[in-house]
Amino acid sequence: MIFNNHLPITKQVDRRILRRLFRMIGRYLNQNNSPDTPVLHYLEPDNLKKRMDLTIGEAGMDNEWLVKILRKYLRYSVRTTHRNFSNQLFSAFNFPSFIGEIIATLTNTTMATYEAAPLGTLIEQEIIDKMNRLIGFKTEDNPADGIMVPGGSYANLMGLMCARYKAVPETKEKGINGIQFRAFVSDEAHYSFKKMMNVLGLGTNALTEIPSDEHGRIKTDLLENAIKQSLKRGEKPFFIGATAGTTVYGAFDPFREMAAIARKYNLWLHVDGAWGGTLLLYKNKKSKELLDGIQLADSFTWDAHKMMGVPLYASFFLCKHDGLMHQCNAVQGAEYLFHSTENTAFDTGPKSLQCGRRVDALKVWLAWKFYGDKGYHDMITDLYSKVNYLKKLINQNPWFELINDPQYFNVCFRVVHPKIDIDLNEINLEIRERLFKSGNYFTNYSVSKSGTVFFRLIVNPNSTKNDYRNFLNKVIGMTEAILKEKYLPDSSARVFD
Ligand SMILES: Cc1ncc(COP(=O)(O)O)c(C=O)c1O
């Protein structure tokens, strides 16, 4: 049996390949559950290139090659759904969304118009409505709006664009026209804001980064001062970017205070909840406290590909002001695409920056429908319990130091030596490097404003408390080894019981 409707038509793919590939996927997923499976096989680029012929030739390859090469690809790719992967803000395998991704590709269409993606359009709208209700943007009197975009960085761009349009609508046609715009975020905000200032032609220097406090929350008195200074200089402040769940510390800015400042100076308030938005599904007073005041914002970024476990990308830009995205983005010249039919009102293309847009909504919807709000609430409950466990282990061992009290799922800590004065940055970097190269654990590190190197471990839905205990033991073992090799030939470290 062969698939007969594929490209190029001169080549045939054996139908049995599908069954073989799905069996391979099943094996791969099972392996991810075993702590004995390496998270990665790290190779230097030159070495990696030697393992696989990457060149594209004249003749093409056969069916058997397809299976072999995909097996190899899986072998040398980082297993981000492995229980010991805690490097990025995404992890864990989500079966409904995995299938949703495949089906979206199978039915490959564009979300630009309702007629090309009827169900995709309605599904996306349903999720946007739900998210807007959770945030508090959508009420009986306010429909609110939103769109899926390729990444949280892009959603932050949409926030900046809508804010600039709201402040000076003529920028859409005339550009910035000499206006010295100014935007404000904290020094813990995601770097995408800076990139997007460049994209919008405002310049990275027009973004002021306000210092944050010891918890990673923006200092609102400094924010207000900076706005006053900008006004004094004759600039046009237009945007405040708050963060719900900062990238490094998982901190939540004081949204209510920021909203009051935004209102006072008539600025747009955008909340970057790429990482922390999913906390809205946690029915606990902690989420109410951390997210207090978000409904007062004008727009919101929410990445379902982070905490919700949906494959990249699954990002939402949510806007309180219905119709504004359309005004800001719609242009003439697309008559070939946007016909006036009875369902034109459902076309999402005009309010989007993209033309072709994937049906990313399907994978989010399948996962959310499958697990329900409760599934995510339970997952978050479990994650907090693992955070508390890790915190306890770290606090009770004099070889470790917590960098801050985690509010979310970023556990930041470092190895210290209780007695001896050694270069801790060097040791922490070396431990991280050895862990990574061993292939057993993949955990990230960062550097504080004062130059302290520390681990940033993102707690993983797949992992167990025992995995974290083993991880810390491994870190201690490596510390011992490094100390013995390099600093203290006769040191003895305390290991967990
Ligand atoms: C707080 C925050 N905002 C935005 C982003 C960017 O999201 P994306 O990687 O989807 O572009 C990140 C990425 O880690 C983030 O942590």
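Every value quoted in this text rests on a predicted model; they were computed, and no experiment measured them.

(A) The pairing of strand β12 (residues 410–415), seen in detail. Along β12, 6 of the 6 residues are buried, which leaves the element largely enclosed by surrounding structure. The side-chain alternation of β12 yields two buried faces, one formed by Asn410, Cys412 and Arg414 and the other by Val411, Phe413 and Val415. Judged from the 3 bridges that link them, strand β11 (residues 400–402) and β12 form a sheet pairing that is antiparallel. The partner of Phe400 across the bridge, within β12, is Val415.

(B) Geometry of the sheet that holds strand β10 (residues 315–319). What the 7 strands build is an open sheet, ordered β4-β10-β9-β8-β7-β5-β6; its pairing is mixed. The open sheet has two free edges, formed respectively by β4 (145–149) and β6 (207–210), since each of these has just one partner strand. Averaged over all adjacent pairs, the angle separating strand axes in this sheet is 20°, with direction ignored. Examined bridge by bridge, strand β9 (residues 299–303) and β10 share 5 bridges and lie antiparallel to one another. Each residue of the ladder has a partner; that of Asp303, found in β10, is Ser315. Helix α6 (residues 152–167) rests against β4, β5 (181–186), β7 (236–243), β8 (268–272), β9 and β10 of the sheet, and its axis sits at about 20° to β10.

(C) Representation of the pairing of strand β14 (residues 453–458) in the model. Across the 6 residues of β14, 5 count as buried, placing the element largely inside the fold. Of the pairings in the sheet, the one linking β12 to β14 comprises 4 bridges and is antiparallel in character. In the strand pairing of β14, Asn410 is matched with Ile458. As consecutive antiparallel partners, strand β13 (residues 442–447) and β14 are separated by 5 residues, and within that stretch Gly451 has a phi angle of approximately 95°, a positive value.

(D) Inspection of the nonpolar core at higher detail. Counting 120 residues, the largest nonpolar core has Ala183, Phe239, Leu269, Phe316, Leu318 and Val364 as its most contacted members. It is helix α13 (residues 361–395) that contributes the most residues to this core, 12 residues altogether. When residues of this core are assigned to domains, at least three fall in each of domain 2 (108–358) and domain 3 (373–487). If we ignore the near neighbours within four places in the chain, the residues touching Phe239 are Leu160, Ala163, Ala183, Phe184, Leu267, Trp268 and His270.

(E) Spotlight on the sheet that holds β13. Read across the sheet, 5 strands follow the order β3-β13-β14-β12-β11 without closing on themselves; strand pairing throughout is mixed. Looking at strand neighbours, the two that pair on one side only are β3 (85–86) and β11, the edges of this open sheet.

(F) Local environment of the domain arrangement of the protein chain. Structurally, the protein chain comprises domain 1 (2–32 + 41–77), domain 2 (108–358) and domain 3 (373–487). Averaged C-alpha coordinates put domain 1 and domain 2 at centres separated by 39 Å.

(G) How the structure looks around the site of the ligand. The full set close to the ligand counts 14 residues, and Gly151, Gly152, Ser153, Thr247 and Ala274 are the nearest of them. When grouped by side-chain class, the residues that make up the shell around the ligand number 3 nonpolar, 9 polar and 2 charged.

(H) Fine view of the environment of Leu383. Within the element layout of this structure, Leu383 appears in helix α13. Take Leu383: there are 19 C-beta atoms within 10 Å of it, and that puts it in the partly exposed class. Separated by 80 residues in the primary sequence, Leu383 and Ser463 place their C-alpha atoms 9.3 Å from one another. Residues in contact with Leu383, not counting those within four places in the same chain, are Phe409, Val459 and Pro461.

(I) Here's a closer look at the packing of helix α5 (residues 118–135) against α13. At a minimum axis distance of 9 Å, the contact between α5 and α13 shows a crossing angle of 55°. Considering the angle they form, α5 stands oblique to α13. Judged by the twist between their axes, the crossing of α5 over α13 is left-handed. Taken together, the residues of α13 that come into contact with α5 (itself represented by Gly120, Ile123, Glu124, Glu126 and Ile127) are Ala361, Leu362, Val364 and Trp365. Across the contact of α5 with α13, the residue classes tally to 6 nonpolar, 1 polar and 2 charged.

(J) Spatial organisation of α13. Helix length check: α13, at 35 residues, gives a terminal C-alpha distance of 42 Å against a target of 51 Å (1.5 Å per residue), a shortfall beyond 12%. Along its length, α13 reaches its greatest deviation from straightness, about 85°, at Gly372.

(K) Structural context of the packing of helix α1 (residues 16–32) against helix α3 (residues 63–75). Where α1 contacts α3, the two axes come as close as 11 Å, and the packing angle between them is 15°. On the basis of the axis angle, α1 is roughly parallel to α3. Crossing of α1 over α3 shows right-handed handedness. On α3, the residues touching Ile17, Arg20, Leu21, Met24 and Tyr28 of α1 are Asn63, Leu66, Val67, Leu70, Arg71 and Leu74. Taken together, the residues of the contact of α1 with α3 break down into 8 nonpolar, 1 polar and 2 charged.

(L) Broad picture of unusual backbone geometry. A cis amide bond, omega -20°, links Leu312 with the succeeding residue Tyr313. Note on placement: Tyr313 falls in the loop between β9 and β10. Here Ala144, not a glycine, exhibits a phi torsion of approximately 60°, which is positive. Following the sequence through the fold, Ala144 ends up in the loop between α5 and β4. Phi at Asn177 takes a positive value of approximately 50°, unusual for a residue other than glycine. Positionally, Asn177 belongs in the loop between α7 (171–174) and β5.

Conventions we followed
- Residues numbered from 1 in each chain as written.
- Predicted model: local features only at pLDDT ≥ 70, side-chain atom pairs only at ≥ 80, totals over all residues.
- Buried ≥ 20, exposed ≤ 12 C-beta atoms within 10 Å, placed from the backbone.
- Helix = DSSP H or I, 4+ residues; strand = E, 2+ residues; numbered from the N terminus.
- Pairing = 2+ DSSP bridges.
- Axes fitted to C-alpha atoms, helices over the stretch in contact; angles between N-to-C directions.
- Contact = placed C-beta atoms within 7 Å.
- Core = buried A, V, L, I, M, F, W, Y, C linked by C-beta atoms within 7 Å.
- Domains from an automatic or database assignment.
- Near = placed C-beta within 6 Å.
- Nonpolar A, V, L, I, M, F, W, Y, C, P; charged D, E, K, R; others polar.
- Parallel < 35°, antiparallel > 145°, perpendicular 65-115°, else oblique.
- Left-handed = near helix turned anticlockwise from the far one by under 90°.
- Expected span 1.5 Å × (residues − 1).
- Bend = angle between axes of the 7 residues up to and from the residue.

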